[in-house]
Every structure is written in structure tokens, then in C-alpha cells.
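Summary of the model geometry
Read off the chains here:
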Amino acid sequence: MALEEVLKIFEIDNIALCIQELDQTKHKELIGVTFQKELRDDYYSSLMAIGAIVYVDKSYLNAATVIPPEKGMPAHLDLIAVHPECQEKGMGTQLVKEILDDNGNKLNIRVKASNKAIKLYERVCHEMGLLFEKVLFLGPGSRAYYACFINHTNDEKGLAYNYIFNRQSNFK
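A brief structural summary.

Calculation rules
- Residues numbered from 1 in each chain as written.
- Predicted model: local features only at pLDDT ≥ 70, side-chain atom pairs only at ≥ 80, totals over all residues.
- Heavy atoms only, no water.
- Core = buried A, V, L, I, M, F, W, Y, C linked by side-chain atoms within 4.5 Å.
- Buried < 20%, exposed > 50% of the residue type's maximum accessible area, 1.4 Å probe, protein only.
- Helix = DSSP H or I, 4+ residues; strand = E, 2+ residues; numbered from the N terminus.
- Pairing = 2+ DSSP bridges.
- Salt bridge = Lys/Arg side-chain N within 4 Å of Asp/Glu carboxyl O.
- Axes fitted to C-alpha atoms, helices over the stretch in contact; angles between N-to-C directions.
- Left-handed = near helix turned anticlockwise from the far one by under 90°.
- Contact = heavy atoms within 4.5 Å.
- Nonpolar A, V, L, I, M, F, W, Y, C, P; charged D, E, K, R; others polar.

Here the focus is the nonpolar core. L22, L39 and V56 are the most contacted members of the largest nonpolar core, which totals 26 residues. In terms of nonpolar packing, the next biggest core, distinct from the first, is built from 24 residues, V66, A75, A117 and C148 among them.

Following this line, the structure appears as C-alpha cells:
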């Protein structure tokens, strides 16, 4: 069945799942085809320990992992993946908007400076009238990253930046 047919059959409705409910095999396949990388071995167990939520559509064509707010820090968008054949079709936009709606329009994100998703976050925030701020820093492997803050107070930015800077990579 062609991907276009799959998209028509499954009106993309994202559902939020706890890690225990996630089909990890299908999720790993999506991550692999999207990033051409493997998740680190303890990825799922580390997320279980902190009560992370995964937004995923029924056909596993897009997914996002969100770490819930804690100790004054807004939720953290840990990983977002849209199948390469589905990119530029609005799925990422819909997913980010849904996550923002569910998290009081506050979110922090770490993204490689070279990742085109940064434009998605900026555009979505502009469309929703949200404050989007980003700070460039050197992260794991001396790579350039942005710490992104959506609708944060100064105190929230401080907590989120510390979290983002110290967050382990998701990949092997």
C-alpha cells in the first residue's frame, strides 16, 4: 500500500502514551528511518523512570517524546520524528501544536543548530503568538545546539537551560 493511501486511511490523530504502552519496535523503526541512527540502549528505561509521554499516531508515522514539567521547569520536548516521506505535510506542525496545547504553551527543546526543525518551532510559535527564544551553545561532541524556550519566565529559562545543557544524547 502506498504511503499516500496510508495517510488517507489513518487521519493522523496523535495519541499520548506512557512509555510502557508504546510499541517500541515500531517506534525504533521510525527513529531509525528518520535519523539514520539508533537510540541508546537505556533510552526507554530512562524515560520510564521520569514518566515521559510519547505522542504517536496510530500508524507510527510521527512521534514525539515529552518529559513532563518538574521543579519549576516546563515540559521538555526530548525527541520528535516524522517519517521522511511525511515531512513537509503539516504532521510536525500539528504535533508541536498539540504538545504545546497540552503543556500550557510552554516547552523547552534542545536541537542541533543545523537541524531544519528549528524553523518549524519558530513558525509554530509565531502562528500561535508565543514567545520563542533560543541560545546557541556547544553540547555533546562539541556540536552546536540551540536551547529553545517557548513562553518561559527568566527563572524557567535558567532551570531549562541547565537541564538541556546536561541532558544525555538520545542516540548511541
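The structure having been displayed, the exposition proceeds.
Let us now look at the pairing of strand β2 (residues 53-57). Within β2, four of the five residues are buried, which leaves the element mostly enclosed by the surrounding structure. Both β2 and strand β3 (residues 62-67) contribute to a ladder of four bridges, which runs antiparallel. The residue bridging V56 from the neighbouring strand is A63, located in β3.

To continue, consider the pattern of salt bridges. Pairing between side chains of opposite charge can happen when their charged atoms approach one another. Per the stated rule, a full pass over the model turns up ten salt bridges. K106 serves as the salt-bridge partner of E156, at 2.7 Å between the closest nitrogen and oxygen. Pair noted here: E156 is in helix α6 (residues 154-166) and K106 is in the loop between α4 (91-102) and β5 (107-112), with a separation of 50 residues, a long-range link. Overall, the relative accessible area of 13% leaves E156 in the buried class. The residue E127 makes a salt bridge to R123 at a minimum N-O spacing of 3.2 Å. Separated by four residues within a single helix, E127 and R123 lie in helix α5 (residues 117-128), roughly one turn from each other.

Here we come to the packing of helix α2 (residues 24-35) against helix α3 (residues 43-50). Interhelical geometry of α2 versus α3 gives an angle of 115° and a closest axis separation of 12 Å. Regarding α2 and α3, the two cross each other, and that crossing is right-handed. Within the contact between the two elements, α2 uses Q24, H27 and K28 and α3 uses Y43, Y44 and M48. Here the residues of the contact of α2 with α3 are counted per class, giving three nonpolar, two polar and one charged.

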